[in-house]
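Descriptive analysis of the structure
Okay, here's what each chain looks like letter by letter:
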Amino acid sequence: MEAATAPEVAVGSKLKVKEVSPADAEPPQASPGQGAGSPTPQLLPPIEEHPKIWLPRALRQTYIRKVGDTVNLLIPFQGKPKPQAIWTHDGCALDTSRVSVRNGERDSILFIREAQRADSGRYQLRVQLGGLEATATIDILVIERPGPPQSIKLVDVWGFNATLEWTPPQDTGNTALLGYTVQKADTKSGLWFTVLEHYHRTSCIVSDLIIGNSYAFRVFAENQCGLSETAPITTDLAHIQKAATVYKIKGFAQRDLSEAPKFTQPLADCTTVTGYNTQLFCCVRASPRPKIIWLKNKMDIQGNPKYRALTHLGICSLEIRKPGPFDGGIYTCKAVNPLGEASVDCRVDVKVPN
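Residues numbered from 1 in each chain as written. Predicted model: local features only at pLDDT ≥ 70, side-chain atom pairs only at ≥ 80, totals over all residues. Heavy atoms only, no water.

Notes on the pattern of salt bridges
- Applying the stated criterion across every chain, the model contains 12 salt bridges.
- With a shortest N-O distance of 2.7 Å, Arg 117 and Glu 144 are connected by a salt bridge. Taken together, the positions of Arg 117 in the loop between strand S8 (107–112) and strand S9 (121–129) and Glu 144 in the loop between strand S10 (132–143) and strand S11 (151–158) put the pair 27 residues apart, joining distant regions of the chain.
- The class for Arg 117 is partly exposed, based on a relative accessible area of 29%.
- By relative accessible area, Glu 144 is classed as partly exposed at 26%.
- The salt bridge involving Glu 319 is made with Arg 308; its shortest N-O contact spans 3.1 Å. (Salt bridge = Lys/Arg side-chain N within 4 Å of Asp/Glu carboxyl O. Helix = DSSP H or I, 4+ residues; strand = E, 2+ residues; numbered from the N terminus. Buried < 20%, exposed > 50% of the residue type's maximum accessible area, 1.4 Å probe, protein only.)

What follows is the structure, given as structure tokens:
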């Protein structure tokens, strides 16, 4: 008799149906010597719901934990009456001293208090109900920091560069390496600085070393847990020698940068309202630095508290504080130095608000 087919199960789980022989399919017959008082065979309860495992999406790929972390996996399943849930690790029974399992009506929990690398492997959950069985597989990987590279050697030093070589670590931490981190330290400061990160080769060239310094180097291995706790250091120092350099000073003519005052931005005419501060701006270029004189209607207004004059980097400004009707007129900015003078004018009108 062919095995009966079962409904589709969840992703990550498989349903198996045990074959039943024709002899098993026939109903049991009473033997001639079996009387009416003999015990009748006990029948199994009917299967109302086929076993099925609902594997969480996060567990459909390798489940990675660090050494010392807790592993707590809850796997839901179905089946009625209550099916039997059995866990195995790499095809063998679980080590109950390290792994505990709790089976409920609708789920099974796998718990490891402090994971170790020996707990890595393939875990299989089998849910059995009568002749039906559903399975799900979970791959667990427990990792830790890698060991340090076995050795590091200073191969060559030339110019501002040094060549290094090292060998991979014996222990990668139960996972693939992400690369190496190379650091340098000069003997003067003794401080370590990173020059290469996530470097995949086992040899490199460290450049831009400073002349006159001596350097030591070290290399860390790196995986998903981080850098190795220790790193080998080169036994030889890389000495960056000073080259004998002869400096020849060439004579050159001193350039005369002297210049008479010249306004590069003139004053602009403006109209203001009585009682509102007004500022005038202009720009001058001169060498040596010129003296700035402000005039109103050709009268020097230096020292008048009503006006504030400032000069910074060639920008000249004049602030008229709360101007009145009599503050209008022609304002002049004059720049004077030993090579000459220059001036610019503007008109300021002061209006009385209506």
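Next, the rest of the story.
Describing the sheet that holds strand S20 (residues 270–273)
- Overall, mixed pairing links the 5 strands, which are arranged S20-S27-S26-S22-S23 in an open sheet. In this open sheet, the two edge strands, each paired with only one partner strand, are S20 and strand S23 (299–300).
- Here strand S26 (residues 329–337) runs beside strand S27 (residues 340–351); their pairing, made up of 9 bridges, is antiparallel. Along S27, the bridge assignment pairs Tyr 331 with Cys 346. (Pairing = 2+ DSSP bridges.)

A short note on the nonpolar core
- Ranked by size, the top nonpolar core spans 23 residues in total, and within it Ile 53, Leu 73, Ile 75, Trp 87, Leu 110, Ile 138 and Ile 140 carry the most contacts.
- The greatest single-element share of this core, amounting to 5 residues, is contributed by S10.
- Once you skip the residues sitting within four places of it in the chain, Ile 75 turns out to touch Ile 53, Trp 54, Leu 55, Pro 56, Leu 59, Trp 87, Arg 106, Asp 107, Ser 108, Leu 125 and Ile 138.
- Ranked by size, the runner-up nonpolar core spans 21 residues in total, among them Tyr 307, Ile 320, Tyr 331 and Cys 346. (Core = buried A, V, L, I, M, F, W, Y, C linked by side-chain atoms within 4.5 Å. Contact = heavy atoms within 4.5 Å.)

A look at the side chain of Thr 272
- In this structure, Thr 272 sits in strand S20.
- What Thr 272 contacts, discounting residues up to four positions off in sequence, is Thr 278, Pro 323, Asp 349, Val 350 and Lys 351.

Observations regarding the pairing of S11
- With 7 bridges joining them, S11 and strand S12 (residues 161–167) adopt antiparallel strand pairing. For Asp 156, the partnering residue across the bridge sits in S12 and is Thr 163.
- The antiparallel hairpin formed by S11 and S12 contains 2 residues in its connecting segment, where Gly 159 sits at a positive phi of about 55 degrees.

Focus on the pairing of S27
- Strand direction decides the pairing type here: S20 and S27, joined by 4 bridges, are parallel. Across the sheet, Val 273 pairs through a bridge with Lys 351, a residue of S27.
- With antiparallel pairing between neighbouring strands as the criterion, S26 and S27 make up a hairpin whose turn holds 2 residues.

Considerations on the sheet that holds strand S19 (residues 259–265)
- If you trace the 4 strands from one edge of the open sheet to the other, you get S19-S21-S25-S24, paired in antiparallel fashion. In the strand order of this sheet, the two ends are held by S19 and strand S24 (307–312), each with one partner. Across the sheet, the mean angle from the axis of one strand to that of its neighbour is 25 degrees, orientation sign disregarded.
- Relative to strand S25 (residues 315–320), S24 is paired through 6 bridges, and the arrangement is antiparallel. The partner of Tyr 307 across the bridge, within S25, is Ile 320. (Axes fitted to C-alpha atoms, helices over the stretch in contact; angles between N-to-C directions.)

What to know about the packing of aromatic side chains
- Summed over all chains, the structure comprises 3 aromatic pairs.
- Considering the side-chain rings of Trp 166 and Tyr 180, the 5.6 Å spacing of their centres and the 65 degrees angle between planes classify their relative orientation as edge-to-face. One end of the pair, Trp 166, is in strand S12; the other, Tyr 180, is in strand S13 (residues 179–186), and 14 residues separate them in sequence. The same class applies to Trp 166 and to Tyr 180, which are both buried.
- Residue class for Trp 166 comes out buried when judged on its relative accessible area of 4%.
- Aromatic rings pair up to connect Trp 166, Tyr 180 and Tyr 199 into one cluster.
- The residue whose ring lies beneath Arg 218 is Trp 192, and the NZ or CZ to ring-centre distance is 4.2 Å. (Phe/Tyr/Trp six-rings, centres within 6.5 Å; stacked < 30°, edge-to-face > 60°. Lys NZ or Arg CZ within 6 Å of the ring centre and 35° of its normal.)

What to know about unusual backbone geometry
- A cis amide bond, omega 5 degrees, links Lys 80 with the succeeding residue Pro 81.
- Looking at where Pro 81 falls in the secondary structure, it is placed in the loop between strand S4 (71–80) and strand S5 (84–89).
- Geometrically, the link from Ser 287 to Pro 288 is a cis peptide bond, its omega value of 0 degrees lying close to zero.
- The topology assignment puts Pro 288 in the loop between strand S21 (278–287) and strand S22 (291–296).
- At Asp 90, a position not held by glycine, the phi torsion is positive, near 55 degrees.
- With respect to the element layout, Asp 90 can be found in the loop between S5 and strand S6 (92–93).
- Its relative accessible area of 48% is what places Asp 90 among the partly exposed residues.
- Positive phi is not limited to glycine here, since Lys 322 has a value of about 45 degrees.
- Within the secondary structure layout, Lys 322 lies in the loop between S25 and S26.

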